[in-house]
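Residue-level listing of the chains:
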Amino acid sequence: MNNIFHHIIHTSGKQTLQSLLLGILCFSFSICVFPIRASAHSPSTIVDMAGRNVIVSGRAERIITTFKPATLSVLSLGLADRLVAVDSHSPRVEINTAVYPAMRDLPKIGNRSMGLNLETIMSLKPDLVILYAQKDGIRIADRLAGYHIPAVVIVPENMAAIKDTLRIIAQAAGCPERADRAIQAVDHIMSVVGTRINGLPDQRRKTVYYAGPKGFFSTASGNMLQDEMISMAGGINAAHAFTGFFKSISPEQFVQWNPDAVLACREIRSSAGKYLRKPELAEVTAIKTRQVFCIPSSNAPWDFPSPLSALGVLWAGKRLYPDRFQDVDLIKEIDQFHEILFSRSFTEIGGRLADTVNP
Amino acid sequence: MKNDPVSDPKSAVSSVHDMRYMTVILTILLAGLFFVSLMVGRLDIGWKEIRTFVCASLFGTPVAPELSSKALVFTLIRFPRCLLAVFVGMGLSISGAVYQGLFRNPLVSPDILGVSAGCTFGAALGLILPGNSFMIVRILSFAFGLTAVCLAVGIARMIAVRPILVLVLAGLVATSVFSALLMVLKYMADPYNDLPAIVFWIMGSLNRVEWNDLYIIMPVVGAGLFLIHVLRYRLNVLSLGDLQARSLGMNPTLYRVIFIMISSLMVAVTVSTCGQVCWIGLVIPHIARTLVGPNHSNMIPVTMLLGGIFLLAADMLARSITAAELPVSIITALTGAPLFVYLLYKNRGSGWI
Amino acid sequence: MTLECRSVSFSYNGRNVLKNISFQVGKGIFCAILGRNGSGKTTLLHCLNGILKPAGGHILVDGLDLGRMPQTQIARHVSMVPQEHTDIFPFSVIDFVVMGRTPFLKMTRSPGPTEYRMALDALKTLNADYLARRNYNQISGGERQIALLARALLQSSSTILLDEPTNHLDFKNQYRMLSRMKGLCRDHNTRIIASMHDPNLAMMFSDQVVMLKHGRIIAQGKTDAVMTGASVGELYDTSTQKMGLQNSVNIFLPADIVRENTVSKNKDCCREPNR
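This is a predicted model, so every value here is computed, not measured.

1. A closer look at the overall build of chain C
Then comes step 1: Check the secondary structure of chain C and you find ten helices and twelve strands.
Then comes step 2: Against the globule reference of 19 Å for 275 residues, chain C gives a C-alpha radius of gyration of 21 Å, in line with a compact fold.
Then comes step 3: Each principal axis of the C-alpha atoms in chain C carries an extent, and together these give about 70 × 55 × 40 Å.
Then comes step 4: Residues classed as buried in chain C amount to 42% of the 275 residues present.
Then comes step 5: For chain C, contacts bridging at least 24 residues in sequence account for 63% of all contacts bridging at least 6.

2. What about the environment of serine 11 of chain C?
Residue and element names in this part refer to chain C.
Then comes step 1: As for its placement among the helices and strands, serine 11 is situated in strand β1 (residues 2-12).
Then comes step 2: Residue class for serine 11 comes out partly exposed when judged on the 14 C-beta atoms lying within 10 Å of it.
Then comes step 3: The spacing of serine 11 and glutamate 234 is 223 residues in sequence and 24 Å in space, taken between C-alpha atoms.
Then comes step 4: Ignoring any residue separated from it by four or fewer positions in sequence, one finds serine 11 in contact with Asn16, Val17 and Ala55.

3. Observations regarding the sheet that holds strand β4 (residues 83-85) of chain A
All names here are of chain A.
Then comes step 1: Strand order in the open sheet formed by four strands is β4-β3-β7-β8, and the pairing between neighbours is parallel. Each end of this open sheet is capped by a strand with a single partner; those strands are β4 and β8 (151-153). Taking the axes of each pair of neighbouring strands and ignoring which way they run, one obtains an average angle of 30° across the sheet.
Then comes step 2: Both strand β7 (residues 128-131) and β8 contribute to a ladder of three bridges, which runs parallel. Each bridged residue has a counterpart across the sheet, and for valine 129 the counterpart in β8 is alanine 151.
Then comes step 3: In this fold helix α2 (residues 68-76) packs onto β3 (63-65), β4 and β7, with an angle of close to 140° to the strand it touches most, β3.
Then comes step 4: Running at roughly 155° to β8, helix α5 (residues 137-146) makes contact with β7 and β8 of the sheet.

4. Some points on the sheet that holds strand β5 (residues 64-65) of chain C
Paired through their backbone hydrogen bonds, the strands of a sheet run either parallel or antiparallel.
Residue and element names in this part refer to chain C.
Then comes step 1: The antiparallel open sheet is built from four strands, whose spatial order is β2-β1-β4-β5. Each edge of the open sheet carries a strand with a single partner, namely β2 (15-26) and β5.
Then comes step 2: With eight bridges connecting them, β1 and β2 associate as antiparallel partners. Pairing of cysteine 5 across the sheet is with phenylalanine 23, part of β2.
Then comes step 3: With respect to the sheet, helix α1 (residues 41-48) is in contact with β1, β2 and β4 (56-61), its orientation differing from that of β2 by roughly 60°.

5. Remarks on the arrangement of the chains
Then comes step 1: Considering every one of the two pairs of chains in contact, the largest contact total is recorded for chains A and B.
Then comes step 2: The closest approach of any C-alpha atom in chain A to one in chain C is 12 Å; the two make no contact.

6. Observations concerning unusual backbone geometry
Then comes step 1: In this chain, glycine 212 of chain A is followed by proline 213 of chain A through a cis amide linkage whose omega measures -10°.
Then comes step 2: In the segment running from proline 296 of chain A into serine 297 of chain A, the intervening peptide bond is cis, with an omega of 0°.
Then comes step 3: Among the secondary structure elements, serine 297 of chain A is positioned in the loop between β14 (292-294) and α12 (309-320).
Then comes step 4: Phi at serine 343 of chain A is positive, roughly 65°, even though this residue is not glycine.
Then comes step 5: Considering the arrangement of structural elements, one finds serine 343 of chain A in the segment after α13 (330-342).
Then comes step 6: What makes serine 343 of chain A exposed here is the crowd of 11 C-beta atoms within 10 Å.
Then comes step 7: Within the chain, aspartate 237 of chain C stands out as a residue other than glycine whose phi angle is a positive 55°.

7. A word on the packing of helix α8 (residues 211-230) of chain B against helix α11 (residues 252-274) of chain B
All names here are of chain B.
Then comes step 1: Put simply, α8 and α11 touch, their axes get as near as 9 Å, and they point 155° apart. Put simply, α8 runs roughly antiparallel to α11. Read as a crossing pair, α8 and α11 show a hand that is left-handed. The segment α8 lies against α11, with Asp213, Ile216, Ile217, Val220, Val221, Gly224, Leu227 and Ile228 engaging Ile262, Leu265, Met266, Val269, Thr270 and Thr273.
Then comes step 2: Within the contact of α8 with α11, the residues separate by chemical class into ten nonpolar, three polar and one charged.

8. Notes on the environment of serine 271 of chain A
All names here are of chain A.
Then comes step 1: Assignment of secondary structure puts serine 271 in helix α10 (residues 269-276).
Then comes step 2: For serine 271, a count of 14 C-beta atoms within 10 Å gives the class partly exposed.
Then comes step 3: A sequence separation of 87 residues divides serine 271 from asparagine 358, and the C-alpha atoms of the two residues are 9.5 Å apart.

9. Structural notes on the confidence of the model for chain C
Then comes step 1: On average, residues of chain C score 90 in pLDDT, and 98% of them are at 70 or above.
Then comes step 2: This complex was scored by the predictor with a pTM of 0.81 and an ipTM of 0.89.

10. Here we look at the interface of chain B and chain C
Interfaces are frequently sized by the accessible area removed from exposure as the parts join.
Then comes step 1: Taken together, the contact pairs 29 residues of chain B with 37 residues of chain C.
Then comes step 2: Counting residues per element, the ones that place at least two in the side of chain B that touches chain C are α1 (9-39), α9 (232-238) and α10 (242-247) of chain B.
Then comes step 3: It is α10 of chain B that contributes the most residues to the side of chain B that touches chain C, four residues altogether.
Then comes step 4: For the side of chain B that touches chain C, a count of residues per class yields 15 nonpolar, eleven polar and three charged.

11. Notes on the nonpolar core
Soluble globular proteins tend to bury their nonpolar side chains together.
Then comes step 1: Among the nonpolar cores identified, the biggest contains 289 residues, and Ala264 of chain A, Ala148 and Ala152 of chain B together with Val97, Leu123, Ala150 and Ile192 of chain C are the most heavily contacted of them.
Then comes step 2: Take this core: its biggest share by element is 21 residues, from helix α3 (residues 68-102) of chain B.
Then comes step 3: Inspection of this core shows a minimum of three residues originating in each of domain 1 (45-175) and domain 2 (199-342) of chain A.
Then comes step 4: With residues up to four places along the chain from it excluded, the contact list for alanine 152 of chain B reads Leu113, Gly114, Leu167, Ala170, Gly171, Val173 and Ala174 of chain B.

12. Overview of the environment of alanine 194 of chain C
Residues and elements named next belong to chain C.
Then comes step 1: As for its position among the elements, alanine 194 is in strand β8 (residues 191-196).
Then comes step 2: Alanine 194 sits 152 residues away from threonine 42 along the chain, and the two C-alpha atoms are 9.6 Å apart.
Then comes step 3: Contact partners of alanine 194, with chain neighbours within four places excluded, come to Ala32, Ile33, Leu162, Pro165 and Met181.

13. Quick notes on the pairing of β7 of chain A
Residue and element names in this part refer to chain A.
Then comes step 1: Side-chain alternation along β7 places Leu128 and Ile130 on one buried face and Val129 and Leu131 on a second face that is also buried.
Then comes step 2: Bridging between β3 and β7 involves three bridges; their strand directions are parallel. Bridge pairing in β7 links threonine 65 to isoleucine 130.
Then comes step 3: Regarding topology, α5 serves as the crossover connection from β7 to the parallel β8, and that connection is right-handed.

14. Observations concerning helix α14 (residues 328-346) of chain B
An α-helical turn contains 3.6 residues, so a residue and the one three or four places further along point in the same direction.
All names here are of chain B.
Then comes step 1: The first and last C-alpha atoms of α14 sit 27 Å apart over 19 residues, in line with the 27 Å expected at 1.5 Å per residue.
Then comes step 2: Buried within α14 are the following residues: Val328, Ser329, Ile331, Thr332 and Gly336.
Then comes step 3: Against the buried residues of α14 lie α7 (194-203), α12 (280-292) and α13 (296-320).

Each value, and the rule that gives it
- Residues numbered from 1 in each chain as written.
- Chains lettered and ligands numbered in written order.
- Predicted model: local features only at pLDDT ≥ 70, side-chain atom pairs only at ≥ 80, totals over all residues.
- Helix = DSSP H or I, 4+ residues; strand = E, 2+ residues; numbered from the N terminus.
- Rg over C-alpha atoms; globule rule 2.2 N^0.38 Å.
- Buried ≥ 20, exposed ≤ 12 C-beta atoms within 10 Å, placed from the backbone.
- Contact = placed C-beta atoms within 7 Å.
- Pairing = 2+ DSSP bridges.
- Axes fitted to C-alpha atoms, helices over the stretch in contact; angles between N-to-C directions.
- Parallel < 35°, antiparallel > 145°, perpendicular 65-115°, else oblique.
- Left-handed = near helix turned anticlockwise from the far one by under 90°.
- Nonpolar A, V, L, I, M, F, W, Y, C, P; charged D, E, K, R; others polar.
- pLDDT = per-residue confidence, 0-100.
- Core = buried A, V, L, I, M, F, W, Y, C linked by C-beta atoms within 7 Å.
- Domains from an automatic or database assignment.
- Right-handed = clockwise from strand over helix to strand, strands pointing away.
- Expected span 1.5 Å × (residues − 1).

See below:
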């Protein structure tokens, strides 16, 4: 018995290995000849912000978002209850869970930094997936389109693009009127600001330095959202001449610019204070006059791309030119804005401006 | 043990036969693990469902509508990914074994001639160029991976003495050149779009696989595995050094070129598809040697199977542990490094560490 | 059938390492190649097994011109026991010895049971089959030499070259190794060509001797006839005396140096300490 076994193993060991490999190869080649098709697709086509033509079903009931701006946009349109999954970073943004507590229990599909889990996405049978343009976002969008899952790519880089984002998502979800409502609210805020800084002569515009997010001496260049927000609020970004993304500067450059005000990104709020005490910066106007603020709010960053950026502009206007915005009740406007977008006011969901920087 | 006369040639040879058992066991283990991996993931797919999907693909029998998304996941995502894990694991581990044999050094990994550095640079170049063609990234990655190897081999041939040592040094040069060029690209890259894409690509993950990738990887890696398998005995002779190899009638340069070419092709095609998967090329050959000894006739098939098993298991973990996809290199490094230390410790008396 | 060198010369980096080497070695003969370090012994051996190509002249093994044969074919006729003793992968000795069949294997073939049987036989010939399953890196220098010899025997039983085979061996193993080599000549008609650095061992074991100095042959022929005090003295540049011992064994001693040192032995050393 032993000998027979020995003999079989001896002669067929190698053959077993080779035929198993061959078997796997044949099996896999044959499988790929007949891909399985998903369910039928529907009529309307929209163009997303990466220029892709996306075929969407009439009404999206199962939405998946893959990065924070997408989630916040969906919430701003009041479509939170249509979400079936989000990225793993979104529930960490306070406003998201304050507005839609059930988000914590939704399945997570990965995130932009580490990668998305395609299996989870597809198993949830979404009818709209909202993706980013960087890294492999467009590639995944194309793949999902190949599997007949509508996938739109959004690029919310400036105020106009933020509005486009709202329009595209609302259209893809089959409720364009919601975008109109949200955009109207944004436009209202922008006009509140616009009317009050109208006629502000150039020489009276304040120079503003945006500090962050990588440190006090990193700032936003001229083609970024933060620069746009500052100029909409009537200020001039000290780093306006820079191009590109966030840039690092030297302390000498900061002193040379001598900004009238400093708006610090929330991420450096705790460390910004120590720069108020530094002797080498003491002569800078913003520091001398204590015009150093932290951008609101406690539950969402108003300086990063989202409809709330409009509130960031309003707040900045109020801080930079308090005399011109005397009649504006900041909290009331903010509460109203939140009511329109999220059906609950800012104060109701526990939001605070928290815009002071303590030395 | 010291003085027992080995009178029966079969028992002297029987070590070869023992290793056949090991090969069969590992093959069964690989096949079993493969079927398990088809069922494991964020989405549970049962054995019956798999049968349904396979029949649907082969014979066109319809799939119940509530299973249709699972069917899609299975045929378009899960199955190719498991297959890729097996092929990449086999390819990388065998390349590591070949390089360790060629360079007569157990600390060598397939990156030694600069393939990975070249591939990474090529991919970064492709990601920076305008346009969204992902084929460009693949092609450039592959091309520059091979360029790095040719550079290393070219430098070594130019210097032409002490071939092994010079190859290692030339590989260092090639790696440094392409790493430096990569740094230049990173510096010039748009930090919002391109730079994160480059960093993301380098991390290495099997989750980007599509069937198109497998159409290239399966034949290239399959052919490479087959060729190295039939030529594996020559690695024994090569590992004795050029002088003895020549005395035994072998042309060491020719075989070195053949082996380097085959391995580099396999590694380049792998890295250009999945990014860098580390530690497999270094650790798996050691495990194989610990199990069946250093004779390449036994050790090469075992390396191949172990590589497939290891990466398949690592990928299973990477895609099911957390909601976020872990890059598989994290798992291979976290398990590979301690395993390597343990093996070095275990083998320290064998006379070759 | 003979191994014949006809006017072989070899240069390296412009230096003439071998000049006009001509000699013949018949089957079953143990031929020792003597010379100082750097006289070209190793180069000559490498020319004889085809690793180095001579710049001029011909080498014929059993009538075949080495210059016209591919390396694999040469390896089937001439095998070598090298000088180096570096560590390798921890192969077992039998796996190591079986590599002697490499020149006979097709490119894609691995050694099978037949080859292993032959390897075991080679070890048995040298009374060393107990080494078969041992780890090559863990056996002694003498045992490694035997494994190398077994491999060379397996590769070619007609001509074996050895490069300083007694270099790393202790007193007993030097003689054992040479005795095994001599045994191969006697029992298997193997032609052995070994470079040696000790004229006494050459005198004792070899049938034929080739004396190389600065790449030229200064004397060659039957050992008993060619090895005299004068020729050995000229080879090593020191005055040498040939002395006869019992059993017609002769040894060579560098007379002046020996006399100096035996006469002036320090008689006060190794005295027992006073109790």
